[in-house]
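Topology and contacts: notes
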Amino acid sequence: MRSLLMATAISLAFSLFLTPVFLKGFRRIGWGQVIRTPEDIANPSHGAKRGTPTMGGVIFILGTIVGYFAGTFFGGTTPALSAILVLWLMVGFGAVGFIDDYMKVRSQRSLGLSGWRKIVGQLAILIPFGIVALNFPNSFGQTPASGSVSLFRDISWLNLFAFGAVLGWILYLIWISVIGVATSNSVNLTDGLDGLAAGAGVFVVGSYGLIAFWQFKQSCVGEGMAMAGCYEVREPLNLATVAAAFAGGLIGFLWWNAPKAKVFMGDVGSMAIGGVITAMAILTRTELLLFVIAGIFVLSSGSVILQRLYFKITRGKRLFLMSPFHHHLEMRGWQEVTIVVRLWIIAGLLAASAVGLFYVDWFAQASIG
(Lines give C-alpha, C1' and ligand atoms only; values in the text may rest on other atoms or scores of the structure.)
Protein backbone atom coordinates (compact mmCIF):
# COMPACT_ATOMS: atom_id res chain seq x y z
CA MET A 1 0.00 0.00 0.00
CA ARG A 2 2.86 2.38 0.78
CA SER A 3 4.24 2.02 -2.75
CA LEU A 4 0.86 2.98 -4.25
CA LEU A 5 0.48 6.06 -2.06
CA MET A 6 4.05 7.22 -2.66
CA ALA A 7 3.81 6.66 -6.42
CA THR A 8 0.56 8.64 -6.61
CA ALA A 9 1.78 11.49 -4.41
CA ILE A 10 5.13 11.93 -6.14
CA SER A 11 3.69 11.76 -9.66
CA LEU A 12 0.90 14.15 -8.67
CA ALA A 13 3.37 16.63 -7.16
CA PHE A 14 5.62 16.38 -10.22
CA SER A 15 2.82 17.29 -12.65
CA LEU A 16 1.13 19.81 -10.39
CA PHE A 17 4.14 21.87 -9.37
CA LEU A 18 6.50 21.44 -12.33
CA THR A 19 4.02 22.10 -15.13
CA PRO A 20 4.63 25.90 -14.99
CA VAL A 21 8.35 25.24 -15.39
CA PHE A 22 7.73 23.05 -18.43
CA LEU A 23 5.36 25.65 -19.90
CA LYS A 24 8.07 28.31 -19.85
CA GLY A 25 10.31 25.94 -21.77
CA PHE A 26 7.54 25.03 -24.22
CA ARG A 27 6.88 28.70 -24.97
CA ARG A 28 10.56 29.41 -25.41
CA ILE A 29 10.97 26.71 -28.07
CA GLY A 30 7.64 27.47 -29.73
CA TRP A 31 5.55 24.44 -28.87
CA GLY A 32 2.20 26.14 -29.45
CA GLN A 33 -1.09 24.53 -30.45
CA VAL A 34 -2.01 24.61 -34.15
CA ILE A 35 -5.73 25.26 -34.75
CA ARG A 36 -7.52 24.68 -38.04
CA THR A 37 -9.52 27.46 -39.68
CA PRO A 38 -12.88 28.27 -38.08
CA GLU A 39 -14.74 26.71 -41.01
CA ASP A 40 -13.19 23.34 -40.18
CA ILE A 41 -13.87 23.22 -36.45
CA ALA A 42 -16.99 22.78 -34.38
CA ASN A 43 -16.71 26.09 -32.55
CA PRO A 44 -14.97 29.17 -33.96
CA SER A 45 -14.00 30.15 -30.40
CA HIS A 46 -11.44 27.32 -30.59
CA GLY A 47 -9.39 29.70 -32.70
CA ALA A 48 -8.56 31.57 -29.49
CA LYS A 49 -6.65 28.49 -28.35
CA ARG A 50 -4.01 28.94 -31.03
CA GLY A 51 -0.58 29.23 -29.48
CA THR A 52 -1.49 27.52 -26.20
CA PRO A 53 1.49 25.32 -25.20
CA THR A 54 1.01 21.77 -26.39
CA MET A 55 2.80 18.41 -26.01
CA GLY A 56 2.01 18.59 -22.28
CA GLY A 57 1.73 14.81 -22.22
CA VAL A 58 5.49 14.82 -21.80
CA ILE A 59 4.90 16.16 -18.28
CA PHE A 60 2.72 13.34 -16.95
CA ILE A 61 4.77 10.72 -18.79
CA LEU A 62 7.88 11.87 -16.91
CA GLY A 63 5.84 12.21 -13.71
CA THR A 64 4.66 8.61 -14.03
CA ILE A 65 8.19 7.29 -14.49
CA VAL A 66 9.50 9.26 -11.51
CA GLY A 67 6.47 8.35 -9.39
CA TYR A 68 6.59 4.63 -10.17
CA PHE A 69 10.28 4.13 -9.44
CA ALA A 70 10.14 6.34 -6.35
CA GLY A 71 7.05 4.49 -5.14
CA THR A 72 8.66 1.08 -5.51
CA PHE A 73 11.83 2.31 -3.78
CA PHE A 74 10.12 3.91 -0.78
CA GLY A 75 7.55 1.12 -0.63
CA GLY A 76 10.23 -1.52 -0.27
CA THR A 77 9.38 -3.31 -3.50
CA THR A 78 11.38 -3.72 -6.70
CA PRO A 79 10.45 -2.77 -10.29
CA ALA A 80 8.82 -5.68 -12.11
CA LEU A 81 8.59 -6.75 -15.73
CA SER A 82 4.82 -6.26 -15.92
CA ALA A 83 5.08 -2.62 -14.87
CA ILE A 84 8.04 -2.03 -17.18
CA LEU A 85 5.85 -3.27 -20.05
CA VAL A 86 3.20 -0.69 -19.12
CA LEU A 87 5.86 2.01 -19.16
CA TRP A 88 7.09 0.70 -22.51
CA LEU A 89 3.70 1.17 -24.15
CA MET A 90 3.26 4.55 -22.46
CA VAL A 91 6.61 5.89 -23.64
CA GLY A 92 6.48 4.16 -27.04
CA PHE A 93 2.99 5.36 -27.94
CA GLY A 94 3.88 8.76 -26.51
CA ALA A 95 6.91 8.90 -28.81
CA VAL A 96 4.70 8.24 -31.86
CA GLY A 97 2.40 11.04 -30.71
CA PHE A 98 5.36 13.32 -30.08
CA ILE A 99 6.57 12.91 -33.67
CA ASP A 100 3.05 13.72 -34.89
CA ASP A 101 2.86 16.81 -32.66
CA TYR A 102 6.31 18.03 -33.63
CA MET A 103 5.51 17.79 -37.33
CA LYS A 104 2.39 19.90 -36.79
CA VAL A 105 4.19 22.53 -34.74
CA ARG A 106 7.12 22.75 -37.11
CA SER A 107 4.94 23.18 -40.21
CA GLN A 108 2.25 25.21 -38.37
CA ARG A 109 -0.37 23.03 -39.99
CA SER A 110 -2.75 20.47 -38.47
CA LEU A 111 -1.19 17.70 -40.56
CA GLY A 112 1.29 15.41 -38.85
CA LEU A 113 1.81 11.72 -39.42
CA SER A 114 -0.61 10.12 -41.84
CA GLY A 115 -3.02 7.59 -40.38
CA TRP A 116 -1.14 4.57 -41.72
CA ARG A 117 2.25 5.86 -40.60
CA LYS A 118 0.86 6.38 -37.13
CA ILE A 119 -0.47 2.80 -37.09
CA VAL A 120 2.89 1.45 -38.28
CA GLY A 121 4.58 3.30 -35.41
CA GLN A 122 2.10 1.85 -32.92
CA LEU A 123 2.65 -1.67 -34.26
CA ALA A 124 6.41 -1.21 -33.93
CA ILE A 125 5.81 -0.67 -30.20
CA LEU A 126 3.06 -3.28 -29.74
CA ILE A 127 4.80 -6.28 -31.32
CA PRO A 128 7.88 -6.25 -29.02
CA PHE A 129 5.49 -5.68 -26.09
CA GLY A 130 3.47 -8.75 -27.07
CA ILE A 131 6.52 -10.96 -27.58
CA VAL A 132 8.05 -10.06 -24.22
CA ALA A 133 4.70 -10.33 -22.43
CA LEU A 134 4.36 -14.00 -23.40
CA ASN A 135 7.93 -14.92 -22.46
CA PHE A 136 10.25 -14.73 -19.44
CA PRO A 137 8.17 -16.73 -16.94
CA ASN A 138 8.87 -16.13 -13.26
CA SER A 139 9.58 -18.80 -10.65
CA PHE A 140 5.87 -19.70 -10.58
CA GLY A 141 5.76 -20.16 -14.35
CA GLN A 142 3.74 -16.98 -14.89
CA THR A 143 4.26 -14.72 -17.89
CA PRO A 144 2.99 -11.11 -17.84
CA ALA A 145 0.27 -11.82 -20.43
CA SER A 146 -1.60 -14.93 -21.48
CA GLY A 147 -2.53 -16.49 -24.80
CA SER A 148 -6.26 -16.42 -24.07
CA VAL A 149 -8.85 -13.72 -24.63
CA SER A 150 -10.06 -12.47 -21.27
CA LEU A 151 -13.05 -10.75 -19.66
CA PHE A 152 -12.71 -10.79 -15.87
CA ARG A 153 -10.03 -13.46 -16.16
CA ASP A 154 -8.84 -15.74 -18.99
CA ILE A 155 -11.62 -17.44 -20.98
CA SER A 156 -10.32 -20.98 -21.38
CA TRP A 157 -12.26 -21.80 -24.55
CA LEU A 158 -10.84 -18.67 -26.23
CA ASN A 159 -7.24 -19.85 -26.06
CA LEU A 160 -5.55 -18.40 -29.14
CA PHE A 161 -2.90 -21.12 -29.09
CA ALA A 162 -5.38 -23.99 -29.19
CA PHE A 163 -4.63 -24.67 -32.87
CA GLY A 164 -0.86 -24.55 -32.72
CA ALA A 165 1.98 -22.26 -31.74
CA VAL A 166 2.48 -20.51 -35.09
CA LEU A 167 -1.18 -19.69 -35.65
CA GLY A 168 -1.49 -18.84 -31.97
CA TRP A 169 1.27 -16.24 -32.14
CA ILE A 170 -0.26 -14.69 -35.26
CA LEU A 171 -3.72 -14.47 -33.66
CA TYR A 172 -2.29 -13.19 -30.39
CA LEU A 173 -0.25 -10.40 -32.02
CA ILE A 174 -3.23 -9.41 -34.18
CA TRP A 175 -5.48 -9.35 -31.11
CA ILE A 176 -3.25 -7.11 -28.98
CA SER A 177 -2.54 -4.90 -32.02
CA VAL A 178 -6.25 -4.32 -32.56
CA ILE A 179 -6.67 -3.46 -28.87
CA GLY A 180 -3.69 -1.09 -28.85
CA VAL A 181 -4.42 0.76 -32.10
CA ALA A 182 -8.15 1.06 -31.39
CA THR A 183 -7.66 2.24 -27.81
CA SER A 184 -4.95 4.81 -28.48
CA ASN A 185 -6.78 6.29 -31.45
CA SER A 186 -10.04 6.39 -29.47
CA VAL A 187 -8.36 8.41 -26.72
CA ASN A 188 -6.85 10.65 -29.41
CA LEU A 189 -10.33 11.32 -30.84
CA THR A 190 -11.66 12.16 -27.37
CA ASP A 191 -8.93 14.74 -26.82
CA GLY A 192 -10.86 17.59 -28.43
CA LEU A 193 -12.05 19.65 -25.45
CA ASP A 194 -10.10 21.06 -22.51
CA GLY A 195 -9.65 18.39 -19.83
CA LEU A 196 -11.94 15.80 -21.41
CA ALA A 197 -9.39 13.08 -22.18
CA ALA A 198 -7.32 13.75 -19.05
CA GLY A 199 -10.31 13.60 -16.71
CA ALA A 200 -11.72 10.47 -18.36
CA GLY A 201 -8.25 8.93 -18.27
CA VAL A 202 -8.11 9.39 -14.49
CA PHE A 203 -11.31 7.37 -14.08
CA VAL A 204 -10.23 4.60 -16.44
CA VAL A 205 -6.64 4.16 -15.27
CA GLY A 206 -7.63 4.63 -11.63
CA SER A 207 -10.19 1.83 -12.01
CA TYR A 208 -7.55 -0.44 -13.51
CA GLY A 209 -5.39 0.35 -10.50
CA LEU A 210 -8.21 -0.82 -8.21
CA ILE A 211 -8.63 -4.01 -10.24
CA ALA A 212 -4.91 -4.76 -10.12
CA PHE A 213 -4.77 -4.13 -6.37
CA TRP A 214 -7.73 -6.48 -5.81
CA GLN A 215 -5.95 -9.10 -7.91
CA PHE A 216 -2.91 -8.65 -5.65
CA LYS A 217 -5.06 -9.25 -2.55
CA GLN A 218 -6.61 -12.32 -4.21
CA SER A 219 -3.52 -13.69 -5.96
CA CYS A 220 -3.13 -17.39 -6.67
CA VAL A 221 0.54 -17.09 -5.73
CA GLY A 222 1.71 -17.59 -2.15
CA GLU A 223 -0.92 -17.45 0.57
CA GLY A 224 -3.75 -17.27 -1.96
CA MET A 225 -2.91 -20.55 -3.68
CA ALA A 226 -5.88 -22.35 -2.17
CA MET A 227 -8.20 -19.33 -2.35
CA ALA A 228 -11.32 -19.72 -4.48
CA GLY A 229 -11.61 -17.13 -7.22
CA CYS A 230 -7.93 -16.17 -7.07
CA TYR A 231 -6.15 -14.54 -10.02
CA GLU A 232 -3.20 -15.78 -12.07
CA VAL A 233 -2.07 -12.26 -12.90
CA ARG A 234 1.66 -11.71 -12.58
CA GLU A 235 2.97 -8.89 -10.34
CA PRO A 236 -0.42 -7.22 -9.76
CA LEU A 237 0.93 -4.92 -7.03
CA ASN A 238 3.40 -3.42 -9.47
CA LEU A 239 0.62 -3.00 -12.02
CA ALA A 240 -1.45 -1.20 -9.40
CA THR A 241 1.55 1.00 -8.53
CA VAL A 242 2.23 2.10 -12.10
CA ALA A 243 -1.49 2.76 -12.65
CA ALA A 244 -1.58 4.84 -9.47
CA ALA A 245 1.46 6.81 -10.62
CA PHE A 246 -0.11 7.49 -14.01
CA ALA A 247 -3.46 8.52 -12.49
CA GLY A 248 -1.65 10.84 -10.09
CA GLY A 249 0.27 12.42 -12.96
CA LEU A 250 -2.95 12.94 -14.90
CA ILE A 251 -4.64 14.60 -11.92
CA GLY A 252 -1.75 17.02 -11.52
CA PHE A 253 -1.81 17.77 -15.23
CA LEU A 254 -5.60 18.22 -15.18
CA TRP A 255 -5.18 21.17 -12.79
CA TRP A 256 -3.60 23.06 -15.71
CA ASN A 257 -5.55 21.36 -18.51
CA ALA A 258 -9.08 21.90 -17.16
CA PRO A 259 -11.14 24.59 -18.94
CA LYS A 260 -9.74 27.06 -19.83
CA ALA A 261 -6.61 25.01 -20.52
CA LYS A 262 -3.19 26.55 -20.03
CA VAL A 263 -1.59 23.55 -21.72
CA PHE A 264 -2.75 20.79 -24.06
CA MET A 265 -1.55 17.21 -23.81
CA GLY A 266 -1.18 16.82 -27.58
CA ASP A 267 -0.99 13.47 -29.34
CA VAL A 268 1.99 12.59 -27.15
CA GLY A 269 -0.37 12.63 -24.16
CA SER A 270 -3.45 11.02 -25.70
CA MET A 271 -1.36 8.23 -27.25
CA ALA A 272 0.38 7.63 -23.91
CA ILE A 273 -3.00 7.31 -22.16
CA GLY A 274 -4.06 4.80 -24.80
CA GLY A 275 -0.85 2.86 -24.28
CA VAL A 276 -1.32 2.59 -20.53
CA ILE A 277 -4.97 1.52 -20.85
CA THR A 278 -4.01 -1.09 -23.46
CA ALA A 279 -1.23 -2.51 -21.30
CA MET A 280 -3.38 -2.62 -18.17
CA ALA A 281 -6.22 -4.39 -20.01
CA ILE A 282 -3.87 -7.04 -21.41
CA LEU A 283 -1.75 -7.58 -18.29
CA THR A 284 -4.65 -7.64 -15.81
CA ARG A 285 -6.35 -10.06 -18.23
CA THR A 286 -9.52 -7.99 -18.56
CA GLU A 287 -9.37 -7.22 -22.28
CA LEU A 288 -13.08 -7.45 -23.10
CA LEU A 289 -13.94 -5.46 -19.98
CA LEU A 290 -12.11 -2.60 -21.68
CA PHE A 291 -15.24 -1.85 -23.72
CA VAL A 292 -17.07 -0.90 -20.51
CA ILE A 293 -14.32 0.54 -18.34
CA ALA A 294 -13.12 2.79 -21.18
CA GLY A 295 -16.60 3.24 -22.62
CA ILE A 296 -16.25 7.01 -22.88
CA PHE A 297 -13.43 6.54 -25.38
CA VAL A 298 -15.44 3.89 -27.22
CA LEU A 299 -18.21 6.50 -27.54
CA SER A 300 -15.87 8.87 -29.40
CA SER A 301 -14.52 6.35 -31.88
CA GLY A 302 -17.92 4.69 -32.23
CA SER A 303 -19.57 7.99 -33.15
CA VAL A 304 -16.95 8.56 -35.87
CA ILE A 305 -17.51 5.06 -37.30
CA LEU A 306 -21.31 5.46 -37.23
CA GLN A 307 -21.04 8.85 -38.88
CA ARG A 308 -19.01 7.46 -41.76
CA LEU A 309 -21.21 4.41 -42.22
CA TYR A 310 -24.40 6.47 -42.16
CA PHE A 311 -22.89 8.96 -44.61
CA LYS A 312 -22.09 6.18 -47.08
CA ILE A 313 -25.38 4.31 -46.65
CA THR A 314 -27.54 7.43 -47.04
CA ARG A 315 -25.27 8.92 -49.73
CA GLY A 316 -24.43 12.16 -48.03
CA LYS A 317 -26.65 12.49 -44.95
CA ARG A 318 -25.16 12.89 -41.49
CA LEU A 319 -26.16 11.11 -38.29
CA PHE A 320 -24.42 13.73 -36.11
CA LEU A 321 -23.86 17.39 -36.83
CA MET A 322 -20.17 16.61 -36.41
CA SER A 323 -18.13 13.74 -35.03
CA PRO A 324 -16.72 12.78 -32.57
CA PHE A 325 -19.83 13.07 -30.42
CA HIS A 326 -18.54 15.88 -28.18
CA HIS A 327 -18.29 18.13 -31.25
CA HIS A 328 -21.90 17.26 -32.10
CA LEU A 329 -22.88 18.60 -28.68
CA GLU A 330 -20.88 21.77 -29.36
CA MET A 331 -22.75 22.25 -32.62
CA ARG A 332 -26.00 21.88 -30.68
CA GLY A 333 -24.96 24.87 -28.58
CA TRP A 334 -23.68 23.18 -25.42
CA GLN A 335 -20.96 25.04 -23.53
CA GLU A 336 -17.56 23.35 -23.54
CA VAL A 337 -17.33 23.05 -19.76
CA THR A 338 -20.83 21.53 -19.62
CA ILE A 339 -19.89 18.88 -22.16
CA VAL A 340 -16.65 18.06 -20.37
CA VAL A 341 -18.18 17.70 -16.90
CA ARG A 342 -21.12 15.62 -18.11
CA LEU A 343 -18.86 13.30 -20.09
CA TRP A 344 -16.64 12.98 -17.00
CA ILE A 345 -19.73 11.83 -15.11
CA ILE A 346 -20.48 9.24 -17.81
CA ALA A 347 -16.83 8.10 -17.76
CA GLY A 348 -16.97 7.69 -13.99
CA LEU A 349 -20.22 5.74 -14.10
CA LEU A 350 -18.91 3.39 -16.79
CA ALA A 351 -15.61 2.81 -14.96
CA ALA A 352 -17.43 2.19 -11.67
CA SER A 353 -19.83 -0.21 -13.39
CA ALA A 354 -16.91 -2.18 -14.82
CA VAL A 355 -15.24 -2.44 -11.41
CA GLY A 356 -18.58 -3.52 -9.95
CA LEU A 357 -18.99 -6.24 -12.58
CA PHE A 358 -15.44 -7.37 -11.89
CA TYR A 359 -16.20 -7.70 -8.17
CA VAL A 360 -19.49 -9.53 -8.84
CA ASP A 361 -17.59 -12.09 -10.92
CA TRP A 362 -15.05 -12.57 -8.12
CA PHE A 363 -17.84 -12.96 -5.55
CA ALA A 364 -19.54 -15.57 -7.74
CA GLN A 365 -16.27 -17.47 -8.22
CA ALA A 366 -15.46 -17.33 -4.51
CA SER A 367 -18.96 -18.51 -3.58
CA ILE A 368 -18.73 -21.49 -5.93
CA GLY A 369 -15.35 -22.40 -4.47
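A brief structural summary. Note that this is a predicted model, so its numbers are computed, not measured. (Residues numbered from 1 in each chain as written. Predicted model: local features only at pLDDT ≥ 70, side-chain atom pairs only at ≥ 80, totals over all residues. Heavy atoms only, no water.)

**Some details on the packing of helix α2 (residues 57-74) against helix α3 (residues 81-107)**
- Taken N-terminus to C-terminus, the directions of α2 and α3 make an angle of 165°; their axes are 11 Å apart at the nearest point. Comparing their axes, α3 and α2 come out roughly antiparallel. Relative to α3, the crossing made by α2 is left-handed. Contact with α2, carried on its side by V58, I61, T64, I65, Y68 and F69, involves A83, I84, L87, M90, V91, G94 and F98 of α3 and no other residues of that element.
- Tallied by class, residues from the contact of α2 with α3 come to eleven nonpolar, two polar and no charged. (Axes fitted to C-alpha atoms, helices over the stretch in contact; angles between N-to-C directions. Helix = DSSP H or I, 4+ residues; strand = E, 2+ residues; numbered from the N terminus. Parallel < 35°, antiparallel > 145°, perpendicular 65-115°, else oblique. Left-handed = near helix turned anticlockwise from the far one by under 90°. Contact = heavy atoms within 4.5 Å. Nonpolar A, V, L, I, M, F, W, Y, C, P; charged D, E, K, R; others polar.)

**Focus on the packing of aromatic side chains**
- The final tally for this structure, using the stated rule, is 17 aromatic pairs.
- Judged by centre distance (6.2 Å) and plane angle (55°), the rings of F22 and F26 are tilted. Of the two residues, F22 and F26 are both situated in helix α1 (residues 2-29); the distance of four residues between them amounts to about one turn of the helix.
- Here F26 falls in the buried class, since its relative accessible area comes to 5%.
- Here F213 and F216 contribute two aromatic rings whose centre-to-centre distance is 6.0 Å and whose plane-to-plane angle is 40°, an arrangement assigned as tilted. Here the residue F213 and the residue F216 both occupy positions in helix α6 (residues 196-217), the gap between them amounting to three residues, near one helical turn.
- A connected cluster of aromatic rings, assembled from ring pairs, spans W214, Y359, W362 and F363.
- Positioned over the ring face of W334 is R342, at 5.1 Å from the centre of the ring. (Phe/Tyr/Trp six-rings, centres within 6.5 Å; stacked < 30°, edge-to-face > 60°. Buried < 20%, exposed > 50% of the residue type's maximum accessible area, 1.4 Å probe, protein only. Lys NZ or Arg CZ within 6 Å of the ring centre and 35° of its normal.)

**Quick notes on the state of the cysteines**
- For the structure shown, the criterion picks out one disulfide.
- The residue that forms a disulfide with C220 is C230, at a sulfur-sulfur distance of 1.9 Å. With the S-S bond torsion at 95°, the cross-link from C220 to C230 turns out right-handed. Of this pair, C220 sits in the loop between α6 and α7 (236-257) while C230 sits in the loop between α6 and α7, and the two are ten residues apart along the sequence.
- For C220, a relative accessible area of 12% corresponds to the buried category. (Disulfide = S-S within 2.5 Å.)

**Side note on the environment of F297**
- By secondary structure assignment, the location of F297 is in helix α10 (residues 295-313).
- Here the alpha-carbon distance between F297 and V204, two residues 93 residues apart in the chain, equals 9.7 Å.

**Describing the nonpolar core**
- Membership of the largest hydrophobic core comes to 85 residues, with the highest contact counts inside it found for Y208, I277, M280 and L283.
- With twelve residues, α7 is the largest single contributor of residues to this core. (Core = buried A, V, L, I, M, F, W, Y, C linked by side-chain atoms within 4.5 Å.)

**Thoughts on a nonpolar patch on the surface**
- Together, F163, V166, L167, I170, L171, I174 and V178 line one region of the surface with nonpolar side chains, adding up to about 680 Å² of accessible area.
- Inspection of the secondary structure puts F163 in the loop between β2 (154-159) and α5 (165-190).
- Look at F163 and you get exposed, because its relative accessible area is 68%. (Patch = residues over 30% accessible without salt bridge, like charges linked within 9 Å, V, L, I, M, F, W, Y side chains within 5 Å. Areas by Shrake-Rupley, 256 points an atom, 1.4 Å probe, with all protein chains shown as cover. Salt bridge = Lys/Arg side-chain N within 4 Å of Asp/Glu carboxyl O.)

**Quick word on α10**
- Here α10 is 19 residues long and its end C-alpha atoms lie 26 Å apart, about the 27 Å a rise of 1.5 Å per residue gives.
- Among all positions in α10, only G295, I296, F297, S300, S301, S303, V304 and Q307 are buried.
- Looking one or two residues beyond α10, the residue adopting positive phi is R315, at roughly 60°. (Expected span 1.5 Å × (residues − 1).)

**Focus: the pairing of β2**
- Pairing geometry for strand β1 (residues 148-150) and β2, over two bridges, is antiparallel. Across the sheet, S150 pairs through a bridge with D154, a residue of β2.
- Connecting β1 to the next strand, β2, in antiparallel fashion are three residues. (Pairing = 2+ DSSP bridges.)

**A short note on the packing of helix α4 (residues 115-133) against helix α8 (residues 266-283)**
- Orientation of α4 relative to α8, taken along the N-to-C sense of each, is 30°, at an axis distance of 12 Å. In terms of axis orientation, α4 runs roughly parallel to α8. As α4 runs across α8, the sense of the crossing is right-handed. On α8, the residues that touch K118, Q122, L126, F129 and A133 of α4 are D267, M271, T278, A279, I282 and L283.
- Here the residues of the contact of α4 with α8 sort into seven nonpolar, two polar and two charged.

**Describing the environment of K317**
- Along the chain, K317 turns up in the loop between α10 and α11 (325-331).
- A residue is classified by how much of its surface remains accessible, and K317, at 53% relative accessible area, is exposed.
- Along the chain, K317 and F129 lie 188 residues apart, while their C-alpha atoms are 41 Å from each other.
- Apart from residues no more than four positions distant in its own chain, K317 is found in contact with Y310 and F311.

**Some details on the pattern of salt bridges**
- One pass over the full model with this rule turns up seven salt bridges.
- A salt bridge links K104 to D267; the shortest N-O distance between them is 3.5 Å. Note that K104 is positioned in helix α3 and D267 in helix α8, a separation of 163 residues in sequence.
- Of the residues examined, D267 reaches a relative accessible area of 7% and is grouped as buried.
- The salt bridge involving R234 is made with E235; its shortest N-O contact spans 3.1 Å.

Treat this as a map of the structure, not an account of what it does.
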